[in-house]
Amino acid sequence: MIASVHFRISTIGCVMSLAAAPLLAPPSAATGPVVTPKVINGQSGHPWSGASVYFEAGEGDETSTCTGGLWKPQIIVTAAHCVMDTRQSPTIDPALVTVWPPGANIDSVGPADVQVTSILVDWSEDDGLETSDIAFLTLSAPIGSTPISRLASEQEVADVIRSEGMLTYIGYGLTVPRNDPSGASSSVPLWLTQPMDNEFEAIDIKTGNFTTLGDGISSTCAGDSGGPYLYEVSGEILLVGPLSGSSARPCWDQDVIQQNSGTTTAAHLSLANQALATVGLPPETSPAPRLELSRADRYLGTKVSKATITDQGLVSATVRTRLKKGSPIWVDVYSCDTSDCDASTSTFRKKYRVKKRGRLTFTAPATAGQYVSVWNKEADLLVVWQVLEQ
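Residues numbered from 1 in each chain as written. Predicted model: local features only at pLDDT ≥ 70, side-chain atom pairs only at ≥ 80, totals over all residues. Heavy atoms only, no water.

## Observations concerning the state of the cysteines
- Considering all chains together, one arrives at three disulfides under this definition.
- Here C66 is linked by a disulfide to C82, with a sulfur-sulfur distance of 2.0 Å. One quick way to see it: the torsion about the S-S bond of C66 and C82 is about -85°, and its sign makes the bridge left-handed. Within this pair, whereas C66 is found in strand β4 (residues 64–72), its partner C82 is found in the loop between β5 (75–78) and β6 (97–99), the two being separated by 16 residues in sequence.
- Among the residues examined, C66 registers a relative accessible area of 1% and is labelled buried. (Disulfide = S-S within 2.5 Å. Helix = DSSP H or I, 4+ residues; strand = E, 2+ residues; numbered from the N terminus. Buried < 20%, exposed > 50% of the residue type's maximum accessible area, 1.4 Å probe, protein only.)

Here it is, written out as structure tokens:
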């Protein structure tokens, strides 16, 4: 595991695009001399090391090594480029993939007594932008327990991206730069922490990816591809997704900002559920989206004191109007039936009386896409919000 950046260099060749160079290790990197585990300030012995799995793919001189994340005892999440030569090529024969027990010292422990039974992948791009690099490997039997509690939802990943939160990476990659002739790698999983990089926030969230920022001192390198990025919240260990690639120092001899790219696992629930079904586990479901209110459109001097909505869809608002105390006023929640909303369907309508100083406080249920509006007795619109998904 060494340096990484993500100017985003293509996983095929060196064309500048939005995808980092893959971190697949050739046989020389996997069989180099044993050294004291050191990922340029990386560390061994993390309590989550059991989430990291070393595996080899191929045969003979064509064998390469990668890391995977043990999502379930029979499912490994890794990078698609670890099990495919190109985006257009078929996946490798599952019989040619050999996995080790999670968190194992591969110098002292042999491969796990299991077979890879299926490989499900999504490695795609859109107009040169890499949109996914993820694979699910299902196993013939469990290979051990995992510290991973669950997948981080897309919303949770988006929140961590926006806040530039810290992630922990654990993998079996090189402990020297790629151009080091020793090709030394670690026999045990090594870890480091990196902050999310929000430079590509909008596009990462839209495409189901994430970017972490290296420091030029400790970082991932060849053989780390597919390893898990994790973080903890409320005592749960959440899997964000596998490492896809990187560039820059210390892994690459490139004097640019260091970044690593990864694919958000929760953005691929269809593939994930196919893997779950293969090993006889129930499917994952997407959490309900978080809701927010748009900025209020106000009329006839109406002012908004507060307006909130819960994720369960309960709107609470206080507005001040120019109406006299006791005047009738209506709250209407509706959905548009046409694109220009010249026809609508109300799902909640209630009459209130204006309080002292023209104030109205109300609650109303609403769902994403609906409008929450307040009207006077002359059917004049006073204020309206739209319910949005975050």
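## Some words on the packing of aromatic side chains
- A complete count under the given rule lists eight aromatic pairs for this structure.
- Between Y352 and F362 the ring centres are 6.4 Å apart and the planes differ by 55°, which places this aromatic pair in the tilted class. Placement of Y352 in strand β21 (residues 344–353) and of F362 in strand β22 (residues 359–365) is noted, with a sequence separation of 10 residues between them. Pair check on accessibility: Y352 and F362 agree, each one buried.
- Of the aromatic side chains, those joined through ring pairs into one cluster are Y54, W100 and Y172. (Phe/Tyr/Trp six-rings, centres within 6.5 Å; stacked < 30°, edge-to-face > 60°.)

## Let's talk about the confidence of the model for the protein
- This prediction gives the protein a mean pLDDT of 87; 88% of its residues lie at or above 70.
- Taken element by element, the predicted model of the protein shows its lowest mean pLDDT in helix α1 (residues 27–30) (42) and its highest in β5 (98).
- Taken as a whole, residues 1–19 scores under 50 in pLDDT and shows 107 contacts with residues more than four places along the chain or in a different chain.
- Contacts for the low-pLDDT stretch residues 27–41, under 50 throughout, to residues beyond four places or in other chains number 36 contacts. (pLDDT = per-residue confidence, 0-100. Contact = heavy atoms within 4.5 Å.)

## A short note on the sheet that holds strand β19 (residues 314–320)
- Pairing within the open sheet is antiparallel, and its three strands lie in the order β18-β19-β22. A single partner strand is all that each edge strand has here, and the edge strands are β18 (303–309) and β22. Taking each pair of neighbouring strands and ignoring which way they run, the sheet shows an average axis angle of 10°.
- Sheet topology note: the β19/β22 ladder contains seven bridges and is antiparallel. Note on β22: the bridge partner recorded for A317 is F362. (Pairing = 2+ DSSP bridges. Axes fitted to C-alpha atoms, helices over the stretch in contact; angles between N-to-C directions.)

## Thoughts on helix α2 (residues 154–163)
- Every buried residue of α2 is listed here: Q155, E156, V157, A158, V160 and I161.
- Against the buried residues of α2 lie β9 (150–151), β10 (166–171), α3 (201–207), β12 (209–213), β13 (228–233) and β14 (236–247).
- Directly after α2, the chain includes E164, whose backbone phi takes a positive value near 55°.

## Structural notes on the pairing of β5
- Neither face of β5 is open: one carries I75 and V77, the other I76 and T78, and all of them are buried.
- When β4 meets β5, the two strands line up antiparallel, connected through three bridges. Each residue of the ladder has a partner; that of G69, found in β5, is V77.
- Taking the residues between adjacent antiparallel strands as the criterion, β4 and β5 are bridged by two residues.
- The pairing of β5 with strand β8 (residues 129–139) spans four bridges and is antiparallel. Paired with T78 across the two strands is A135, which belongs to β8.

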